[in-house]
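Spelled out, the chains give:
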Amino acid sequence: MAQSRQTEDEQSTQEPSEEHGHLGKLAGELSRYSVRADVVDGRSPYLRVSNPASTCAVEDVICERREFDYAFLASFGVHLGSSGSLGVTAHKVAWLVGATEA
């Protein structure tokens, strides 16, 4: 079923979600590690993190609203951290893709 042009225009002008913003901040924190981190937009945005040194080391991190902040979760459901602890969360994500020691 084809979408109307109006629907496409409305979708392209939508403001980024709060989750998108928090994923972008996490990507910024990950810049100190030798990883690639890109926010992927869609129905639910996520952060695709990959280690260029390994073709297999890729992880998708999602962001969920919680009562007082936002939580970052690995694709397999493990809680990695919160929006209030971006540095610690970035270290865990970098470790997960093999870009740093524990």
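Residues numbered from 1 in each chain as written. Predicted model: local features only at pLDDT ≥ 70, side-chain atom pairs only at ≥ 80, totals over all residues. Heavy atoms only, no water.

Draft legend 1. Quick look at the overall build of the protein. In terms of regular secondary structure, the protein is built from three helices and five strands. Of the regular secondary structure in the protein, the N- to C-terminal order runs α-α-β-β-β-β-β-α. Buried positions account for 31% of the 102 residues belonging to the protein. Counting every atom, the protein has about 6700 Å² of accessible surface; 49% of that belongs to carbon and sulfur. (Helix = DSSP H or I, 4+ residues; strand = E, 2+ residues; numbered from the N terminus. Buried < 20%, exposed > 50% of the residue type's maximum accessible area, 1.4 Å probe, protein only. Areas by Shrake-Rupley, 256 points an atom, 1.4 Å probe, with all protein chains shown as cover.)

Draft legend 2. View of the nonpolar core. Counting 20 residues, the largest nonpolar core has Leu 26, Leu 30, Leu 47, Val 49, Val 61 and Phe 72 as its most contacted members. Among the elements of the structure, α2 (18-30), β2 (46-50), β3 (58-65), β4 (70-74) and α3 (86-96) are those that each provide at least two residues to this core. Those residues within four positions of Leu 30 in sequence are excluded, and the remaining contacts are Val 35, Ala 37, Leu 47, Val 49, Ala 90, Val 93 and Ala 94. (Core = buried A, V, L, I, M, F, W, Y, C linked by side-chain atoms within 4.5 Å. Contact = heavy atoms within 4.5 Å.)

Draft legend 3. Summary view of the pairing of strand β5 (residues 79-82). Note: β4 against β5, three bridges, orientation antiparallel. Within β5, the residue paired with Ala 71 across the bridge is Ser 82. Counted along the chain from β4 to the antiparallel partner β5, the turn is four residues long, and its residue Gly 77 has a positive phi close to 95 degrees. (Pairing = 2+ DSSP bridges.)

Draft legend 4. Looking closely at the packing of α2 against α3. Two numbers describe how α2 lies on α3: the axes approach to 9 Å, and their chain directions differ by 70 degrees. If you check the angle between α2 and α3, you find them roughly perpendicular. Note that α2 runs across α3; the crossing there is right-handed. Facing Lys 25, Leu 26, Glu 29 and Leu 30 of α2, the residues of α3 in contact are Leu 86, Gly 87, Thr 89, Ala 90, Val 93 and Ala 94. Of the residues that constitute the contact of α2 with α3, the class distribution is six nonpolar, two polar and two charged. (Axes fitted to C-alpha atoms, helices over the stretch in contact; angles between N-to-C directions. Parallel < 35°, antiparallel > 145°, perpendicular 65-115°, else oblique. Left-handed = near helix turned anticlockwise from the far one by under 90°. Nonpolar A, V, L, I, M, F, W, Y, C, P; charged D, E, K, R; others polar.)

Draft legend 5. Broad picture of the pattern of salt bridges. Considering all chains together, one arrives at four salt bridges under this definition. For the salt bridge of Asp 38 with Arg 36, the shortest nitrogen-to-oxygen distance reads 2.6 Å. With a relative accessible area of 31%, Asp 38 lands in the partly exposed category. Its relative accessible area of 52% is what places Arg 36 among the exposed residues. In this structure, Asp 60 engages Arg 48 in a salt bridge whose closest nitrogen and oxygen atoms are separated by 2.7 Å. Placement of Asp 60 in strand β3 and of Arg 48 in strand β2 is noted, with a sequence separation of twelve residues between them. Residue classification places Arg 48 among the partly exposed positions, given a relative accessible area of 36%. (Salt bridge = Lys/Arg side-chain N within 4 Å of Asp/Glu carboxyl O.)

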